[in-house]
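Understanding the architecture of this molecule
What follows is each chain in one-letter form.
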Amino acid sequence: MKPFRDWKIRSKLIISTLFLALVPMAVASMLSLDRFMESLKGAYESDLEHIVANIQAMCKAQQELLQNKLTGDLKIAHHIFYQHGKQVPISTARLIEMEIEDQFTKEKSKARFPLWVMGGRPLIEDHAIVDRVQELLGGTCTIFQRIDGDRLLRISTNVLRDNGTRAIGTYLPPSSEVTKAILRKETYRGRAFVVNAWYITAYEPILNAQGEVIGALYVGIPEQSALSLKTAIKSIKIGKTGYAFIMDSSGNLVVHPVKEGENILEVKDSSGFAYIKEVTKKAVQLKENEVGTIRYPWINVELGEKTPRMKINKYQYFRDWDWIIVAGGYEEEIFAGVEQIKFFIYLVGIGSIGLALLLTISLSRVLTKPIMELTEVTARMAAGDLTQKANITTADEIGTLGRSFNRMADQVLNYTRNLEDIVRVRTVEIQEKEEKYRNLSNLLNSILESSTEYSIIALDAQGIILEYNSGSAKLFGWSKEEVVGKMWIGKTFRREDRARGVLWEISRQVETQGMTEYELERVRKDGSLFTAHAVMTTLKDPSGKILGFVEIARDITEKLSLEKELKETKDFLENIVQSSVDAIVTTDPKGRITFFNRAMEEMLGLPREKILGAPIYQFYAQGITEARKIMAILREKGSLQNYETSMNRQGQLVPILTSASLLRDEKQNIIGTLGVFKDLSEKKKLEEELKKTQAHLMQAGKMRALGELVAGVAHELNNPLMAASTFLHVVRENLPADNENQNRLELIHQCHERIAKIIDHLRDFSRQSKSDFRYLDIREPIENALLITGQQLLNHGIKIIKNFANDLPLIRGDANQLEQVFLNLIANAKDAMERVEGKKELTISTSLLRHNGWHDVEVAIRDTGIGIPEENVDKIFEPFFSTKEVGKGTGLGLSICYGIIAAHGGRIEVESKMHAGTTFKVILPILSPPLQSALEEIDTQEELTNGQENFSSR
Amino acid sequence: MAKKILVVDDDELVLIAIQELLSPLGFSVVKACSGADALEKIAQEQFDLIILDIIMPEMDGFEVCQRIRQTNSYTETPIMMLTAKSGEEDKERGIEVGANLYLPKPISPKKLIALVEEALKQ
């Protein structure tokens, strides 16, 4: 027997299915059937028990109901009985003779007993009471009288005999339970046979006044009223033929579907066993809710049965009624259903097995067929026929397998077909590659050799030279033969470099980074040194292992020297540009500043960052309009020369002279502009100064001209005046002293004197025409003036304070004229202090003033006099302005002073406070040489023309 | 003997005025209206005092003075210059050319008389 593994799939499947299907099913069926039967039985028995219990319960309920009713009924009967007469039945003297019948045995006998009367009614005749009771309650009512022999005789009743008459004259024998109870003075409740039927009854004793039992009162309901109960019980069906019945402990069937009323005590089962008797025996011993069980075989011979069938009965005992409640049926009926189920299961079982087998067989076929097919196909393929295809069309996994297989087959076919092609192609490729390789090799060699400027050296991992081109020979000096196969490259490095580990560093870098670059001095064969720039790379195999190195180097000594030269030139040019005093700036075509020198920074007064890249128009005073103008000119003419404009130095205007040109590249495209800005502020300043001085000089000239005029006039006036006063003198001499005209002549004389003074002043005024300018110390004219006036000042009590600064530079001026000025000022100061109370001080101080780079000498003459009123301050320098009284002062003094100082290029300033004092400040410039020489020239020219003018005015 | 005074001035009015002034004082006043005229006159007679105006056309007072001084008989004669400009220069120049006295114009008669008398006192 082959192991399961090797069985065919079909067999495997079938057996597996069978096992899988059969075994569980069988087992399950068995188990379940068994279980099922057990449970059925259990259920059946349980059912029976329940039925029996229910019946008892029903009976109990019924009983209770009836008992309750009867108890109530009895009470009502009692009530009616006693109330009716409100008395106890009276036993009269009248005797009744009648025939009485034992209720049970039906034995008849004669009896004689006193007549009872109740409420005047003879009870034996008057049945009003019992009828009333019946009327109210339904049921029956009886009045019993006790008669001889402890018999209870019905004297009034509505219990009927079979013939419908009242059952009067029937009696309960003393053996009756009822009688016994009554005689015991107990109320009897229960089931009792009354006359001819069973009743549910209640009897109560009737007592006489002495408390003796004289009779009984009865109410009862015929058991028939429990009809519904009986009907219900009878209708109980158990299984197919099972039923319930009730018998008393004597075997009388109280309730039975068929044999009601019969006594079955002696009934025996098919084995001859008096099972009923057994049941009665057992039943009466049962406790209240206890259930008894009996099984017995039974054969219904009358139905033609041949074999007995087992029956099962369950029973309970309802003691009160002496009812044995029995329920049961054929045992086989329990399993009736089971048989069906068993049959059904077998059917289904076999059915499914059959089905399973079918399916399995079909499945196995479905499975094995494609597999067989595949097997065949592969066999054929293996044999060489690659065109085979598996014919598998299912959509399951095998189908997938089949399709995959087919695809694979296709592939294999293609592959084999392609293989030849590939091989062919590859062969060609290899040949081509070999050729390429050869070409490359040649190319490489030619590169190596043609590169005479570059040294290309290949070394192996140990440093042995593999390749050495002609460039290397040229560079280093050694020939190829001297070097190849040897460890040589170290020789090309300087000893000092080798000592400090340069070679080690190079190899470390090239190993970690793959390449390295270095500029070092290398050694030639002849020992000479040159600077080389070299790159070294590694040669690696695919696994990354280093096979060797390649160094490519070139001589950069020349390059370095060129670079050095270039740098030097650059530095030189840069120096030139930076040290230029003029600002040099370049812009890009859009006008943004690309370069500027230090002078530009200074001109703009801004830090580098703010200038670089800024549009240049930002810095022109006229902004973008100016920039555009300049650009327009540049474009038109190509260059701009000596163009005057101004820069905006943070709000300040800086006049500049600019020259600009366009910068072009080799293709003549405009790449920017170049501008040189010359700061004209100094020049402008000088120009301003010159203008000022010229103005001054012009003014001075004018003054001079005026002076000339005045001098001329004065001169002209002299003679006539002289003549007039001389003649006057003569006339006065000639006239007597007392002549009336002498006064008038005196007045005329005074006029002449005034005229003379005026002419004098005029002459003074004009005297500036000839100025004798030389370098002098300002102290000289001051001291001279003080010399002249000193005594007089002291006489007037004026203190002179001198505050002369040391080291004042010399000024250029006319000593006489300056002396005159100071004399005038001192005189004025004296006059101002004339009538002052308090201190009289004249302070003369000299100092050096500095402003805007110009220096002036200031002479301040301060008095403590009465001061000048504000409204006059502006006018004091006007000719002929005088605050003095008529005759004192001509008002020419200060205007003459002003003129003199103006001609010196200076100015006079006055500060005055009323009653505090006045300060006159004479400010004289320290002239720069150019101006001085200019002035000298003007002076010379003046002198030349002066004489001529004089001549011509004559 | 009355002293002789020569007055040299291009202005006629001045000449008359001085003559009028000095003559009553017993001086003999001779008028010359130019330098050339003056030089002629001093050749003709000896004067005790010469009064010269400086500003004159053709020959100014300085030159006249110089010339007079060059004349033999006038090396010691007092010469008075009438200066229209009151300048140091005039004085200096005057000293150079040999003048003794200076009288600024406009001339006050009293001053003129005083100076003349002083000049002629020695």
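Residues numbered from 1 in each chain as written. Chains lettered and ligands numbered in written order. Predicted model: local features only at pLDDT ≥ 70, side-chain atom pairs only at ≥ 80, totals over all residues. Heavy atoms only, no water.

Now for the overall build of chain B. The helix and strand tally for chain B stands at 5 helices and 5 strands. The linear arrangement of helices and strands in chain B, starting from the amino end, is β-α-β-α-β-α-β-α-β-α. Counting all 122 residues of chain B, 50% fall into the buried class. Across chain B, contacts joining residues at least 24 apart in sequence account for 59% of those joining residues at least 6 apart. For chain B, the exposed area adds up to about 5,700 Å²; of that, 49% sits on carbon and sulfur atoms. (Helix = DSSP H or I, 4+ residues; strand = E, 2+ residues; numbered from the N terminus. Buried < 20%, exposed > 50% of the residue type's maximum accessible area, 1.4 Å probe, protein only. Contact = heavy atoms within 4.5 Å. Areas by Shrake-Rupley, 256 points an atom, 1.4 Å probe, with all protein chains shown as cover.)

Within chain A, the secondary structure is distributed over 23 helices and 32 strands. Per-residue burial over chain A gives 41% buried out of 954 residues. At a minimum sequence separation of 6, the contacts of chain A that also span at least 24 residues come to 54%. Accessible surface for chain A amounts to roughly 53,500 Å². Of this, 56% is attributable to carbon and sulfur atoms.

With 21 residues of chain B in contact, the opposing surface of chain A contributes 17 residues. Of the roughly 1,900 Å² buried at the junction of chain B and chain A (both faces included), carbon and sulfur atoms supply 64%. On inspection of chain B and its partner chain A, the count reaches 0 salt bridges. Counting the contacts that link chain B with chain A gives 1 residue pair in polar contact (both at pLDDT 80 or more). The set of elements that each furnish at least two residues to the side of chain B that touches chain A consists of α1 (12-22) and α5 (109-119) of chain B. Counting residues per element, the side of chain B that touches chain A draws most heavily on α1 of chain B, which supplies 7 residues. For the side of chain B that touches chain A, the residue count by class is 12 nonpolar, 2 polar and 7 charged. (Buried area = accessible area lost by both parts, 1.4 Å probe. Salt bridge = Lys/Arg side-chain N within 4 Å of Asp/Glu carboxyl O. Polar contact = N/O pair within 3.5 Å; in protein donor to acceptor, adjacent residues only side chain to side chain. Nonpolar A, V, L, I, M, F, W, Y, C, P; charged D, E, K, R; others polar.)

Next up on the list: the sheet that holds strand β27 (residues 799-803) of chain A. Residue and element names in this part refer to chain A. Read across the open sheet, the 5 strands follow the order β27-β29-β30-β32-β31; overall the sheet is mixed. Of all strands in the sheet, those with a lone pairing partner are β27 and β31 (907-913), marking the two edges. When the angles between neighbouring strand axes are averaged without regard to direction, this sheet yields 20°. Summarising the sheet, β31 and strand β32 (residues 917-925) pair through 7 bridges and their orientation is antiparallel. Paired with E909 across the bridge in β32 is K921. Running over the sheet, helix α20 (residues 815-833) touches β29 (841-851), β30 (854-863) and β32 and is turned about 35° from β30. (Pairing = 2+ DSSP bridges. Axes fitted to C-alpha atoms, helices over the stretch in contact; angles between N-to-C directions.)

Turning our eyes to something else, we now look at the nonpolar core. Residue and element names in this part refer to chain A. Core analysis: the biggest nonpolar cluster contains 57 residues, and I55, C59, F81, I143 and I246 have the highest contact counts within it. Here this core gets 13 residues from one element, more than from any other, and that element is helix α1 (residues 9-85). Here I246 is in contact with I55, C59, I233, N252, L253, V254, V255, W323, I324 and I325, once residues within four sequence places are set aside. Judged by nonpolar contacts, the second largest core, of 36 residues, contains L776, L825, I844 and F877. (Core = buried A, V, L, I, M, F, W, Y, C linked by side-chain atoms within 4.5 Å.)

Below, the discussion takes up the pattern of salt bridges. Residue and element names in this part refer to chain A. Tallying each qualifying case throughout the model produces 51 salt bridges over all chains. The shortest N-O distance in the salt bridge between K314 and E49 comes to 3.0 Å. With K314 in strand β14 (residues 309-318) and E49 in helix α1, this residue pair connects regions lying 265 residues apart in the sequence. For K314, a relative accessible area of 2% translates into the label buried. For E49, a relative accessible area of 31% puts it in the partly exposed group.

Before going further, it helps to examine a negative patch on the surface. All names here are of chain A. Residues E870, E871, D874 and E878 make up a contiguous surface patch of negative charge. In this fold, E870 is placed in helix α21 (residues 870-873). In this structure E870 comes out as exposed when scored by relative accessible area, which is 71%. (Patch = residues over 30% accessible without salt bridge, like charges linked within 9 Å, V, L, I, M, F, W, Y side chains within 5 Å. Lys, Arg positive; Asp, Glu negative; His and termini not counted. Charge placed at Lys NZ, Arg CZ, Asp CG, Glu CD.)

Another aspect to go through is the sheet that holds strand β25 (residues 670-679) of chain A. Residues and elements named next belong to chain A. Spatially, the 5 strands line up as an open sheet ordered β22-β21-β25-β24-β23, and their pairing is antiparallel. This sheet does not close on itself; its edge strands, each paired only once, are β22 (593-596) and β23 (639-649). Taking each pair of neighbouring strands and ignoring which way they run, the sheet shows an average axis angle of 30°. The pairing of strand β21 (residues 583-587) with β22 spans 3 bridges and is antiparallel. Along β22, the bridge assignment pairs V585 with F596. This element, helix α16 (residues 623-637), spans β23, β24 (652-664) and β25 of the sheet and lies at about 165° to β23.

This part covers the packing of helix α2 (residues 35-44) of chain B against helix α3 (residues 61-70) of chain B. How two helices sit against one another is set out by the angle between their axes and by the gap between those axes. Residues and elements named next belong to chain B. One way to put it is that α2 packs onto α3 with a least axis distance of 10 Å and a crossing angle of 20°. In this view, α2 runs roughly parallel relative to α3, as classed from their interaxial angle. Note on packing geometry: the crossing formed by α2 with α3 is right-handed. Contacts between α2 and α3 involve G35, A38, L39 and I42 on the former and, on the latter, V64, R67 and I68. Each residue belonging to the contact of α2 with α3 can be placed in one class, and the counts come to 5 nonpolar, 1 polar and 1 charged. (Parallel < 35°, antiparallel > 145°, perpendicular 65-115°, else oblique. Left-handed = near helix turned anticlockwise from the far one by under 90°.)

So, on to the confidence of the model for chain A. All names here are of chain A. Here chain A shows a mean pLDDT of 83. Residues at 70 or above account for 93%. Ranking the elements of chain A by mean pLDDT puts helix α23 (residues 929-953) last, at 55, and β21 first, at 93. In this model residues 947-954 is a low-confidence stretch, pLDDT under 50, and it forms 6 contacts with partners more than four residues away in sequence or in other chains. (pLDDT = per-residue confidence, 0-100.)

Let's shift gears to a positive patch on the surface. A cluster of basic residues, K2, K8, R10 and R365 of chain A, forms a positive patch at the surface. Here K8 of chain A shows up in the segment before α1.

Residues and elements named next belong to chain A. Within this structure, the stated rule accounts for 18 aromatic pairs over all chains. Between Y243 and F245 the ring centres are 6.1 Å apart and the planes differ by 45°, which places this aromatic pair in the tilted class. For Y243, a relative accessible area of 26% translates into the label partly exposed. In this structure an aromatic cluster arises from ring pairing among Y468, F476, W478, W488 and F530. Lying across the ring of Y171, R151 places its NZ or CZ 5.2 Å from the centre. (Phe/Tyr/Trp six-rings, centres within 6.5 Å; stacked < 30°, edge-to-face > 60°. Lys NZ or Arg CZ within 6 Å of the ring centre and 35° of its normal.)

So, on to a nonpolar patch on the surface. A contiguous nonpolar patch, built from F19, L22, V23, V27 and L31 of chain A and spanning about 440 Å² of accessible area, is present on the exposed surface. Here V23 of chain A falls in the partly exposed class, since its relative accessible area comes to 39%.

Here we take up the confidence of the model for chain B. All names here are of chain B. Looking at chain B, the pLDDT average stands at 85 and 94% of residues meet or exceed 70. Within chain B, helix α4 (residues 88-97) has the poorest average pLDDT of any element, 80, and strand β2 (residues 28-32) the best, 92. Reported for the predicted complex are a pTM of 0.33 and an ipTM of 0.78.

To continue, consider helix α8 (residues 397-450) of chain A. Residue and element names in this part refer to chain A. End to end, α8 covers just 70 Å across 54 residues, shorter than the expected 80 Å (1.5 Å per residue, more than 12% under). The largest bend along α8 measures about 30° and falls at N418. Taken together, the buried positions of α8 are occupied by I398, G399, G402, F405, N406, A409, L413 and L448. (Expected span 1.5 Å × (residues − 1). Bend = angle between axes of the 7 residues up to and from the residue.)

This brings us to the environment of I182 of chain A. All names here are of chain A. Within the secondary structure, I182 is located in helix α3 (residues 177-183). A relative accessible area of 0% means that I182 is categorised as buried. Sequence separation between I182 and G215 is 33 residues; the distance between their C-alpha atoms is 8.0 Å. Residue contacts for I182: discarding those within four places in its chain leaves L152, Y203, E204, P205, V213, G215 and A216.

Residue and element names in this part refer to chain A. Relative to strand β17 (residues 465-468), strand β16 (residues 455-460) runs antiparallel, the two being bridged by 3 bridges. By the bridge assignment, I457 is partnered in β17 with Y468. What sits between β16 and β17 in their antiparallel hairpin is a turn of 4 residues, with G463 showing a positive phi close to 105°.

Attention now moves to the side chain of N406 of chain A. Residue position: N406 of chain A is located in helix α8. Those residues within four positions of N406 of chain A in sequence are excluded, and the remaining contacts are K389 and A390 of chain A.

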